[in-house]
Amino acid sequence: MCPDDDRTTQFSLNGALITGGVSANAAPGALPVASLAVTSPTGAGPAKGTAHSDTEQSPSAREAQFLDSLIGFARQRQAEHWSGTLATFLETIVRAEPQRATRTSHQYVWDMLRSQGEEGANGILRCALLSSELFGLDDSIARVLDYFKAAAAGSEVGRRLLLLLGPPSGGKSSLVILLKRGLEEYSYTDAGALYAVAGCPVHESPLHLVPQALRGSFRDTYGADIAGDLCPSCRMRVDKEFGGDYMRMPVERIFIAEAGRVGIGTYAPHDPTTADLADLVGSVDLSKVAEFGDEGDPRAWSWSGSVYAASRGVLEMIEILKVKREFLYLLLTLTQEKNIKVSRFPLIHVDETIVAHTNLAEFRKFLQEPENEALLDRMVVIQVPYTLDYRAEAMIYRKLISTAEPAFREVHLDPHVLHAAAVFAILTRLHSSDDKSADLSKRVRLQGGEDVDGVNRADAERLRERLPEEGLAGVSPRFVINALSAAISKSNAKSLTTMDVLLCLKDAIESDARIDPKEKSRWTDFLVRARKDFYNRWVKEDVHKALFVSFEQEAQELLDKYVDEVEASLDNRKIRDPITSEERDPDERRLRAVEEKVHISESGKHSFRQEVVRKAMGAYRRGEKFTLAGHAPLRDAIEQYLFEQRRDVLRLVSSPTRPEEETQRKISVVAKRLVDDYGYDEHSAREALNYVTTLLAQE
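Predicted model, so just to flag it, every value in this text is computed and none were measured. (Residues numbered from 1 in each chain as written. Predicted model: local features only at pLDDT ≥ 70, side-chain atom pairs only at ≥ 80, totals over all residues. Heavy atoms only, no water.)

Observations concerning the overall build of the chain
Phase 1 of the analysis: Looking only at helices and strands, the chain features 30 helices and 20 strands.
Phase 2 of the analysis: In the chain, which comprises 699 residues, the proportion classed as buried is 50%.
Phase 3 of the analysis: Look at the contacts in the chain between residues 6 or more apart in sequence, and 73% of them connect residues 24 or more apart.
Phase 4 of the analysis: By element, 49% of the accessible surface of the chain is carried by carbon and sulfur atoms, the whole surface being about 33600 Å². (Helix = DSSP H or I, 4+ residues; strand = E, 2+ residues; numbered from the N terminus. Buried < 20%, exposed > 50% of the residue type's maximum accessible area, 1.4 Å probe, protein only. Contact = heavy atoms within 4.5 Å. Areas by Shrake-Rupley, 256 points an atom, 1.4 Å probe, with all protein chains shown as cover.)

Quick look at the structure:
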């Protein structure tokens, strides 16, 4: 069951009985989750930001501000409209920038992507358009950029269909949508100015009007090549309207718009038995045949197909492998030859980039049919798997939450809700291995950018290369968001804790009839692992730090003292007291008190201390200060050692007896610091203190 109002829910994970409650009266001043930064669960605390700054404005002020922004946007979109004849186009536009005037669709998309990013010294482009919206897909984005870069350079890659392959809700559609929106915006810029024959049904380049016999002279004059031929419609217009004088043909600037069917086309498959190629390439318009008297007259043809709408831009093919085979052959011929053939017309030149996407099941079915080998050879397949970085996964959740209903956004989530849910999702996407060093929790930490003591990152990368299908299956972001939605909809509480969400994920797994029983058991175990190996560590670190007025300073001071004592112990020398100036032996009792917190044995203390000194000396040689981040086990030991000094205060949090006023004040200070510095609200802070107290009782 998901947590409900004023009800405490018990959840047994790995035998530990944990209680987590959701109160309808919790945290009346809680920050909405949409206002929270995705915090680092490893200790830095949340990035601070305002909750809803516009709530301080009056409704009329907000309305005026919105109208101003709307007017400003409209002004920005009032790009220069240009029109003229082919003669004027050649004299003004082509003469100034011949390379832009002759760009192919791939070159146009590549220029758009470059305008949205920066190219490093190594020649690798980082495109903000994609990377700022698609989290954890850096490898896939890099391959997409490589495809467009190679295609724009004129290589054979440009004669291949781009197929994005991945699991549902993995980001394939989002990637294509971003490309389309980027093209729309780019076409309104000076660099993205695009021109076409006015009234052309395929928005073709005005340079197609230049006769083939003169194109060599054009190349010698302008240093650019013209590719393509006039469409049947424009050819007829030149002859009938202008008496063959193509220099008088009207030219205009066009602006890419999916809604206006200019430069962007989208095709989604439907019932294969009723699907018609006319959806892509149009058909005879019988209502106009009587008017023009000939089915072969271009004016009697319906140019409404998606292929024509996408000319000069991008054609998106949704679930492409579900279409009929003749659809595929038409598309691949279009990609290979830039031509399509329809009845009653010669070859029609159409320059567009085809970006398709499909799921893994359809692709595997496609591979099993031998006759598809030739089709596959004309595709560039790029995998778009789920991310394996739990931090990036949490950013996906936050993005989805920010676009949700207001009731959803107004619920406060404690700072580890999204990360704990993300860890669970990543665990379901990893494959088990016989390699003993391939502990799943350690691999999740490595994928998340954490340093894991005793694990070589290069070995982890090699393991991932041996398991190429990781990320192509497992829990999708939608599954997690649905569980969060269930937790919120079933409760009137305005605050949810990590344990509340883990409970709802458990309920979602158990109630989902699509999941195999063995998979359910495995996923429930992953919830246990996410709680034990991640959430427990994060929440204890938060409470540890909240117990100290200046935890970082105290921890650093203890680290410095520990290193001094260890160096003296290894060198067999005395320590000089900084106050009395008296010399004494190293404090072996304190050293062991710290080391025992991470189970360093008496026989192993010497090698542990040597390792610490070696890392400290390495930092000093680099001119850096040796900090807690320089040695993970020692950091854990020092945090636990300091924590013991405040443990008596924490035990009183859940004491049945009312604590003394001074103790109650200390507890309130701890809870307030959790709220002020670590992203909790009053309810989740109290729950965190109770939870950590329960963990201490079990130790």
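After presenting the structure, the write-up continues.
Quick look at a negative patch on the surface
Phase 1 of the analysis: Among the surface-exposed residues, Asp 138, Asp 139, Glu 461 and Glu 465 lie close enough to one another that they form a single negatively charged patch.
Phase 2 of the analysis: Of all the elements in the fold, those that place two or more residues in the negative patch are helix 6 (138-152) and helix 20 (457-466). (Patch = residues over 30% accessible without salt bridge, like charges linked within 9 Å, V, L, I, M, F, W, Y side chains within 5 Å. Salt bridge = Lys/Arg side-chain N within 4 Å of Asp/Glu carboxyl O. Lys, Arg positive; Asp, Glu negative; His and termini not counted. Charge placed at Lys NZ, Arg CZ, Asp CG, Glu CD.)

Points about the packing of aromatic side chains
Phase 1 of the analysis: The full count for this structure, using the stated rule, is 17 aromatic pairs.
Phase 2 of the analysis: Taken together, the ring pairs connect Trp 301, Trp 303, Tyr 308 and Phe 345 into an aromatic cluster. (Phe/Tyr/Trp six-rings, centres within 6.5 Å; stacked < 30°, edge-to-face > 60°.)

Observations concerning the sheet that holds strand 3 (residues 83-85)
Phase 1 of the analysis: The sheet built from three strands is open, its strands ordered 3-8-7 with antiparallel pairing. Each edge of the sheet is formed by a strand with only one pairing partner; in this case those strands are strand 3 and strand 7 (194-197). Strand-to-strand twist in this sheet, taken as the mean axis angle between neighbours without regard to direction, amounts to 30 degrees.
Phase 2 of the analysis: Looking at chain direction, strand 7 and strand 8 (residues 250-254) are connected through four bridges and run antiparallel. Looking at strand 8, one finds that Tyr 195 is bridged to Arg 253. (Pairing = 2+ DSSP bridges. Axes fitted to C-alpha atoms, helices over the stretch in contact; angles between N-to-C directions.)

A look at the sheet that holds strand 15 (residues 353-358)
Phase 1 of the analysis: Spatially, 9-12-15-6-16 is the arrangement adopted by the five strands of the open sheet, whose pairing is parallel. Each of the sheet's edge strands pairs with one partner strand only, and the pair in question is strand 9 (264-267) and strand 16 (379-383). Each strand of the sheet is rotated relative to its neighbour by a mean of 20 degrees, with strand direction disregarded.
Phase 2 of the analysis: Two elements, strand 9 and strand 12 (residues 314-318), share four bridges in a ladder whose sense is parallel. Bridge pairing in strand 12 places Ile 264 opposite Val 314.

Re the nonpolar core
Phase 1 of the analysis: With 85 residues, the main nonpolar core has Phe 424, Leu 505 and Ile 638 as its most contacted residues.
Phase 2 of the analysis: Listed in part, the 64 residues of the second largest apolar core include Val 238, Val 323, Phe 345 and Val 350. (Core = buried A, V, L, I, M, F, W, Y, C linked by side-chain atoms within 4.5 Å.)

With respect to helix 9 (residues 232-242)
Phase 1 of the analysis: Those residues of helix 9 not exposed but buried are Pro 232, Ser 233, Cys 234, Arg 237, Val 238 and Phe 242.
Phase 2 of the analysis: In this structure, the buried residues of helix 9 make contact with strand 7, strand 8 and strand 14 (348-349).
Phase 3 of the analysis: Positive backbone phi, at 55 degrees, marks Gly 243, one or two positions downstream of helix 9.

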